[in-house]
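Letter by letter, the chains look like this.
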Amino acid sequence: MDYMLSAPVATLPYQILAYYPFWNGYLRFSKRQTFFLLSLMFFLKCTCFYFLVPQLVPVRLLDFLFSVIHVFTFLYLVKLHPGTVLFVFFFLLAYLGFNRGIASFFQVRFTTMTDVGFYGRANGLLHLAVVAVTVPFLLRLFRKTCHEIVDMKEEYIASHFWIIPALTLVTSFVYSIKMTPEMARSIPFLLSRIFLFLGTLVEYIILIRLLQAARRRVLLEAQAKNNQLLSAMHQEQYALLLKRIEETRRARHDLRQHLVLVQGYLEDGDKEALREYVRTFGQSIPEPANSLVYCGNYAVDTIMRFYLTQAKDEGIAVEVSLPLPKQLPVPESDVCVLLGNLLENALAACRRRGEAFENRYIRVHGLFTPPYALSFTVDNSFCAEQHGSRSGQQEDGQPFDSADTTDYDRPGLGLGLSSVRATAERFGGTVKFERTETEFRASVLLFGKGEQKDNHDIIEKGGRYG
């Protein structure tokens, strides 16, 4: 009974911590189903300890076997890169070894409680006491940094960074494979456990810094790309201005000739001929090329015309609904960058599909919800076979995470869509990318000045904005 209540219970906090970063939106099954499976595993572990330890099965062997079971369960239940999942798992195992080592040190050195193999009730109670003291610091670290871990898109880092905490665990395991009270009461034993965990903790912090630096690099590249886009738009506007100046000069010259003819009709008193001439002349005046207005904001309207004019010229159907005000709650530059990236992505997908496909389209919808919320959806035709990517829903019915999307020419989350996500996060919003066999859908929600809200539940339930 002692082992049933000590060894499994002492490891329960680490199982909870392991799933904490992934609980919202990254599980293969629903939260209720996941909780049921974990509870079943905990009951199975307690039962095995209760029946097998009296049969002289080593406690350390059972603990090792269930650690292996837990890691494979963890890899299956969490829908992220296996390297990311392993890194979190081994980091928490290092944390477990740190707490268990401190508990063993204090048990042998300062109490009269004795346990066989340091897995009994006394060690378990001390272990839980150490966890109670140290876990607030770890939770604070996770709250501040877990989004960096779950959003990791750097394939090389995710594939290799877990090896270091794994090697740290192997070192700790080899060192303490034959633990004795004399070893546990020594200062070198205590220092070894502290420094092994500190090394893993430093690696964790370095990983976070690397991910933050990589994200900043992506943002800088996106900014450079957007600056090139703005430069191209300015050049186009300048060329259009020169064209208008030339047309105005030509029109002034032609106007003199028209006035001479009108004056002649007036002098002859031929009102019918003058009326017909004015009608014909009015019909010959062309509509301005930029007469189409998509919304009330000039900057957003300009970026829309820049891309959608290209789409129309290439035979791509365009549908737009943007009832936006002149003043937006989010800076115009950020809105233009966001829409520019989404429209460029949509235009590239339609172009890749080719003119042979008749049903090529781009649909843009936006909505301003006073006083602070701004939402956009951009849908475009898509061919999953051409892009060599999966379509539909994931196995658990959840929509594709943005990690599964692509800028159509690069693996992983492309530069443009990474910029979209970064913009949404900067304004306390959310972003969602989905695709079917024939359509790619992007939904973005932003908040301007005022209280920012948590919209994860909307994302998780498959809701859209706009």
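Reading the values: the criteria
- Residues numbered from 1 in each chain as written.
- Predicted model: local features only at pLDDT ≥ 70, side-chain atom pairs only at ≥ 80, totals over all residues.
- Heavy atoms only, no water.
- Helix = DSSP H or I, 4+ residues; strand = E, 2+ residues; numbered from the N terminus.
- Buried < 20%, exposed > 50% of the residue type's maximum accessible area, 1.4 Å probe, protein only.
- Contact = heavy atoms within 4.5 Å.
- Areas by Shrake-Rupley, 256 points an atom, 1.4 Å probe, with all protein chains shown as cover.
- Salt bridge = Lys/Arg side-chain N within 4 Å of Asp/Glu carboxyl O.
- Patch = residues over 30% accessible without salt bridge, like charges linked within 9 Å, V, L, I, M, F, W, Y side chains within 5 Å.
- Pairing = 2+ DSSP bridges.
- Axes fitted to C-alpha atoms, helices over the stretch in contact; angles between N-to-C directions.
- Parallel < 35°, antiparallel > 145°, perpendicular 65-115°, else oblique.
- Left-handed = near helix turned anticlockwise from the far one by under 90°.
- Nonpolar A, V, L, I, M, F, W, Y, C, P; charged D, E, K, R; others polar.

A. A look at the overall build of the chain. In terms of regular secondary structure, the chain is built from 15 helices and five strands. Taken over 466 residues, the chain has a buried fraction of 44%. Once local pairs closer than 6 in sequence are excluded, the contacts in the chain between residues at least 24 apart make up 70%. Surface exposure of the chain reaches about 25,100 Å², of which carbon and sulfur atoms provide 63%.

B. Local environment of the environment of Ser 104. Turning to its location among the elements, Ser 104 is positioned in helix H4 (residues 82-110). Overall, Ser 104 belongs to the buried group, its relative accessible area being 4%.

C. Region of interest: the pattern of salt bridges. Going through the model one piece at a time under the given rule, you end up with eleven salt bridges. The salt bridge partner of Glu 319 is Arg 363, with a shortest N-O separation of 3.8 Å. Of this pair, Glu 319 sits in strand S1 (residues 317-321) while Arg 363 sits in strand S2 (residues 361-369), placing them 44 residues apart in sequence. Given the relative accessible area of 38%, Glu 319 is considered partly exposed. The shortest N-O distance in the salt bridge between Glu 439 and Arg 363 comes to 3.2 Å. Of this pair, Glu 439 sits in strand S5 (residues 439-447) while Arg 363 sits in strand S2, placing them 76 residues apart in sequence. Given a relative accessible area of 11%, Glu 439 falls into the buried group. Salt bridges sharing partners connect three or more residues here, namely Glu 319, Arg 363, Lys 432, Glu 434, Glu 439 and Arg 441.

D. Quick peek at the environment of Ser 30. Along the chain, the position of Ser 30 falls in the loop between helix H1 (2-19) and helix H2 (31-52). Residue Ser 30 is classed as partly exposed on the basis of its relative accessible area, which comes to 36%. As a C-alpha pair, Ser 30 and Leu 77 span 47 residues in sequence and 10.0 Å in three-dimensional space.

E. Layout of a nonpolar patch on the surface. Together, Leu 61, Phe 64, Leu 65, Val 68, Phe 72, Val 170, Phe 173 and Val 174 make up an exposed nonpolar region whose accessible area comes to about 720 Å². Counting residues per element, the nonpolar patch draws most heavily on helix H3 (residues 59-77), at five residues. Overall, Val 68 belongs to the partly exposed group, its relative accessible area being 31%.

F. How the structure looks around the side chain of Asp 334. Its place among the elements puts Asp 334 in helix H12 (residues 332-353). Residue classification places Asp 334 among the buried residues on the basis of a relative accessible area of 16%. When sequence neighbours within four positions are dropped, the list of residues in contact with Asp 334 reads Thr 423, Arg 426 and Phe 427.

G. Examining the sheet that holds strand S4 (residues 430-435) more closely. With mixed pairing, five strands are arranged side by side in an open sheet as S1-S2-S3-S5-S4. The sheet terminates laterally at S1 and S4, the two strands that pair on one side only. Shown here is a sheet whose adjacent strand axes are inclined to one another by a mean of 5°, direction ignored. Sheet topology places S2 next to strand S3 (residues 373-381); eight bridges connect them, and they run antiparallel. Among the inter-strand pairings, Leu 367 is bridged to a residue of S3, identified as Ser 375. Sheet strands touched by helix H11 (residues 298-313): S1 and S2. Its angle to S1, the strand with the most contacts, is close to 150°. Contacting S2, S3, S4 and S5, H12 runs over the sheet at an angle of about 10° to S3.

H. Inspection of the packing of H3 against H4 at higher detail. Two elements in contact, H3 and H4, have axes separated by 10 Å at closest approach and are oriented at 150°. In terms of their interaxial angle, H3 and H4 are classed as roughly antiparallel. The handedness of the crossing between H3 and H4 is right-handed. Facing H3, whose interface residues are Asp 63, Ser 67, His 70, Val 71, Phe 74 and Leu 75, H4 presents Pro 82, Val 85, Leu 86, Val 88, Phe 89 and Arg 100. In terms of residue class, the contact of H3 with H4 is made up of eight nonpolar, two polar and two charged.

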